[in-house]
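Examining the three-dimensional arrangement
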Amino acid sequence: MRKTNQTIMKKIYTILIILTLSVLSIKAQDVQPINNWKFHVGDDMQWKTPAFNDNAWQQIRVDIPWDDQGYKKNEGYGWYRAKVVIPSSLKNKAYLKDSIKIYIGKVDECDQTYLNGKLIGQNAGIVTANFEDPNYAWTYERCYCVAVNDPAINWDKENVIAIRVYNGYGIGGMYQAKPEISMRELIDYVKIYTDETSFKQKENNSYANSVEIVNKYAASKITGKLLVQVKSNEKQKVLWEKQLDVTMLPLEHYKATIDFPNVENSYIVYTFTESITKKTIKTLLEIPYILTPKAAKTPRINGAKVFGVRPNHPFLYIIAATGERPLTYAAEGLPKGLTLDKTTGMISGSIPAKGTFKIKLSVENSLGKNTRDFKIECGDLICLTPPLGWNSWNCWGLSVSTDKVKASADAMVSSGLINHGWTYMNIDDGWELVHKDDSITCNEKFPNMKSLADYVHSKGLKLGIYSSPGPKTCGGYEGSFNYEQADANNYAAWGIDYLKYDWCSYETVACNDTDRLFKPYRKMQTALSKVNRDIVYSLCQYGMGDVWKWGATVNGNTWRTTGDITDTWGSLSEIGFNQDKCAPYSQPGHWNDPDMLVVGKVGWGPSLHNTHLTPSEQYTHISLWALLSAPLLIGCDLSQLDDFTLNLLTNDEVIDIDQDPLGKGATRVVKNTDYQVWVKQLEDGSIAVGIFNLSNDVKKITVNWNELNIKGTKTFRDVWRQKDLGKYKDLFTATVSSHGVMLARVY
Ligand code: GLA
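In this report, we go over the structure that sits alongside the text. (Residues numbered from 1 in each chain as written. Predicted model: local features only at pLDDT ≥ 70, side-chain atom pairs only at ≥ 80, totals over all residues. Heavy atoms only, no water.)

What to know about the sheet that holds strand S26 (residues 346-349)
- The three strands lie next to each other as S22-S26-S25, forming an open sheet whose pairing is antiparallel. The outermost strands of the open sheet, each flanked by one partner alone, are strand S22 (315-318) and strand S25 (338-340). Geometrically, the sheet is characterised by an average inter-axis angle of 15° between neighbouring strands, direction not taken into account.
- As paired strands, S22 and S26 are joined by four bridges and run antiparallel to one another. Paired with Phe 315 across the strands is Gly 349, a residue of S26. (Pairing = 2+ DSSP bridges. Helix = DSSP H or I, 4+ residues; strand = E, 2+ residues; numbered from the N terminus. Axes fitted to C-alpha atoms, helices over the stretch in contact; angles between N-to-C directions.)

As for the environment of Cys 636
- If you trace the backbone, Cys 636 turns up in the loop between strand S40 (632-634) and helix H11 (643-648).
- It is 18 Å that separates the C-alpha atoms of Cys 636 and Ala 626, two residues lying ten residues apart in sequence.
- Beyond its immediate stretch of four places on either side in the chain, Cys 636 contacts Trp 390, Cys 395, Val 599, Gly 600, Lys 601, Val 602 and Leu 641. (Contact = heavy atoms within 4.5 Å.)

Regarding the site of the ligand
- With respect to spatial proximity, 13 residues lie near the ligand, and among them Asp 428, Asp 429, Lys 500, Asp 502 and Asp 564 are the closest.
- Here an oxygen atom of the ligand sits 2.8 Å away from a polar atom, N or O, in the side chain of Asp 429.
- Between Asp 502 and the ligand, the recorded distance is 2.9 Å, taken from a side-chain N or O atom to an oxygen atom.
- Relative to its unbound accessible area of 310 Å², the ligand is 93% covered by the protein chains.
- In terms of residue class, the shell around the ligand is made up of six nonpolar, one polar and six charged. (Near = heavy atom within 4 Å. Polar contact = N/O pair within 3.5 Å; in protein donor to acceptor, adjacent residues only side chain to side chain. Areas by Shrake-Rupley, 256 points an atom, 1.4 Å probe, with all protein chains shown as cover. Nonpolar A, V, L, I, M, F, W, Y, C, P; charged D, E, K, R; others polar.)

Re helix H9 (residues 569-576)
- In terms of burial, H9 is a largely internal element, seven of the eight residues being buried.
- Taken residue by residue, H9 has Trp 569, Ser 571, Leu 572, Ser 573, Glu 574, Ile 575 and Gly 576 as its buried positions.
- Considering only its buried residues, H9 is in contact with strand S5 (99-108), helix H10 (615-627) and strand S42 (675-681). (Buried < 20%, exposed > 50% of the residue type's maximum accessible area, 1.4 Å probe, protein only.)

Remarks on the side chain of Ser 480
- Looking at the secondary structure, you find Ser 480 in the loop between strand S33 (462-467) and helix H6 (484-494).
- Overall, the relative accessible area of 0% leaves Ser 480 in the buried class.
- A distance of 2.6 Å separates polar atoms of two side chains, one belonging to Ser 480 and the other to Asp 487.
- Ignoring anything within four residues of it in the chain, the contact list for Ser 480 reads His 435, Ser 467, Ser 468, Pro 469, Gly 470, Asp 487, Tyr 491, Tyr 501 and Met 524.

Here's the deal with the nonpolar core
- In terms of nonpolar packing, the biggest core is built from 95 residues, with Trp 422, Trp 431, Met 449 and Leu 463 touching the most fellow members.
- For this core, the element with the highest residue contribution is H10, accounting for six residues.
- Apart from residues lying up to four places away in sequence, Trp 422 is in contact with Leu 388, Gly 389, Met 412, Leu 417, Leu 461, Leu 597, Leu 632, Ile 634, Leu 649 and Ile 655.
- Trp 66, Val 84, Val 146 and Met 183 belong to the second largest nonpolar core, which has 32 residues in total. (Core = buried A, V, L, I, M, F, W, Y, C linked by side-chain atoms within 4.5 Å.)

Description of the packing of helix H4 (residues 402-414) against helix H5 (residues 449-458)
- At a minimum axis separation of 10 Å, H4 and H5 run at an interaxial angle of 5°. As judged from the angle between their axes, H4 and H5 are roughly parallel. Within the contact between the two elements, H4 uses Thr 402, Val 405, Lys 406, Ala 409 and Asp 410 and H5 uses Leu 452, Tyr 455 and Val 456.
- Of the residues belonging to the contact of H4 with H5, the class tally is five nonpolar, one polar and two charged. (Parallel < 35°, antiparallel > 145°, perpendicular 65-115°, else oblique.)

Side note on a positive patch on the surface
- On the surface, a cluster of positive charge is made up of Lys 72, Lys 73, Lys 581 and Lys 671.
- Its location among the elements puts Lys 72 in the loop between strand S3 (58-60) and strand S4 (76-85).
- Taking relative accessible area as the criterion, Lys 72 reaches 64% and is therefore assigned exposed. (Patch = residues over 30% accessible without salt bridge, like charges linked within 9 Å, V, L, I, M, F, W, Y side chains within 5 Å. Salt bridge = Lys/Arg side-chain N within 4 Å of Asp/Glu carboxyl O. Lys, Arg positive; Asp, Glu negative; His and termini not counted. Charge placed at Lys NZ, Arg CZ, Asp CG, Glu CD.)

Overview of the state of the cysteines
- Summed over all chains, the structure comprises one disulfide.
- Each sulfur in the disulfide pair Cys 474 and Cys 504 lies 1.9 Å from the other. Looking down the S-S bond of the Cys 474 and Cys 504 bridge, the torsion is -95°, so its handedness is left-handed. Linking Cys 474 in the loop between S33 and H6 with Cys 504 in the loop between strand S34 (498-502) and helix H7 (519-529), this pair joins segments that are 30 residues apart in sequence. (Disulfide = S-S within 2.5 Å.)

Observations concerning H10
- In this model, H10 (13 residues) spans 18 Å end to end at C-alpha, consistent with the 18 Å of a helix rising 1.5 Å per residue.
- Judged by how many residues are buried, H10 sits mostly within the fold: 13 of 13 residues are covered.
- Among the residues trailing H10, Ser 629 stands out with phi positive, at a value near 60°. (Expected span 1.5 Å × (residues − 1).)

In structure tokens, the structure reads:
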């Protein structure tokens, strides 16, 4: 009996082992990982050849950039190599047996990928001396296909994969990569297209979202099932689901609009399962969630608490206030020379002499009254809080026109943004024509700059403009080189309030001495100091020479600390979470500028798209920029604002953190791969704390008092929800969505 049992057990074990092995071997046949990568800085085309001996090369990880592995600031070339056996058994299990896929993950910025010396794919090309922006190729995942009968493949033998990488700026190398080889299948020809802001909130508080699936395979139809699920952010529990049958003829698409209930703090998952191979692809979409409570009908004064102006220069300030209209405004203690329009809240005039003026502002309607202290500093320093406004670049690019600026100025007022302190309307590149009789002229899109300025001022808003110290702007338009004073005079005569001065082609005329970076900015500073108008001076040279250390010496009111931002998590997080070094230089009148906002409809050209940032990423964007005391320049078309974006930009408690009169930049107090904590000191002695979840999962994050450098019992206020969370001692824990933030004021 015992013996029989043992025999049976042995048999069962054997079967189990065989089963496990066969499962493992099926797995092994499916995907071949590419491990053990080696790396070398520099560039040599010999390195692509399989025969090259890379024994002396260093091992490297490909999930994190080379900067984090001892190759900090390697701007230029580097090569990765790995050896891998490509098993012919991959083909046995495949349905389509025509090509292999070599997946290498993300590469910052450009790559050329070789299989046994043969180029099998590249992204953004490899650019050398004339390195130009490779369309943000660094955010793309690379996957290259090779036909199974390509002699470059050594089936069942060693193959050498060599990747030539070029990095022009910032961190570089392969990252977020789990390289592997598999067969190309039907599912690789299927794409799911979704659109974050195609979420429509319906009357009964439910949502609708549109999805499109495309069959990119010309040789056959593709069928399958589309599973639509709404999952809760916190527990990732399925709250609602529906399955649809999908059939797509060659090169055809399938479209559906899905109605689902409004479930707070959740996301939608589209999973398509191809019916023959049962392989799946998945897309996740966060459902927009509105956090800022609606502004009360009772009056509230918002915006900056301090404003700087130079003596005898035109003064224009509109009191930002929410509350049911009509509102009546009053200002006690205004200096001689200034008058207030009681019905619009616009203060104008000029102050003849330097001085500090303490004003009591009040705003009243039938429901109540609100008062607030306000300070006018008449002296040399302007821009005492970071500029709040709009800039044309991230939406319109070079296609900006008078009509587009006017439409956004109108929307700045009609949307109510102006009531939260948003003021500047800045025209970026694309308005210039040529210098004629020493004067800069505007192209046909700006027939009358002075009347545009008058129009913008009549609304209590301000007008900004753009130029370059070089002969040409970045967009190839006329720059200010050798016309600095004439241009400054022109700007003042038109009524310009803000100048973004962008390095661009100055490189071609720059001298080679140690002064080269400051020289053009000093020259324009001198020119601006001679005009009888306050013009905020915004330096744009992408952070060269650690501009934050010297920007104030050329009277820069703001200075770009980085290259151009784009609407991806990669760009946003690389820029935003690398501002720590600039923090000590942030102060009233002088601001670090990590570039403009990428929320709403953006596009850098005539056609616009909804930002590619998820709702949580957008909360992170605005929170981090406010903590950094960054200029907040909205980069979208204001005439097409959706509810979510408007809500994001009208939270007065968030704006207060940005506009805090102390002007400190936040510093990072915790940094690890999954989350970071940033802290900003505020004028009233409280602190603003940003707890950022950088991981791909919802996370419970705990911060302790040592990290925050505080003591005793503290109240945490959720700034986005404008709600006190309670009193805490020693520790505070928040549940934060993926790429999201808990922004708190702690007092
Ligand atoms: C540079 C700047 C951008 C924008 C463009 C205009 O790229 O960094 O912000 O001003 O030029 O051409």
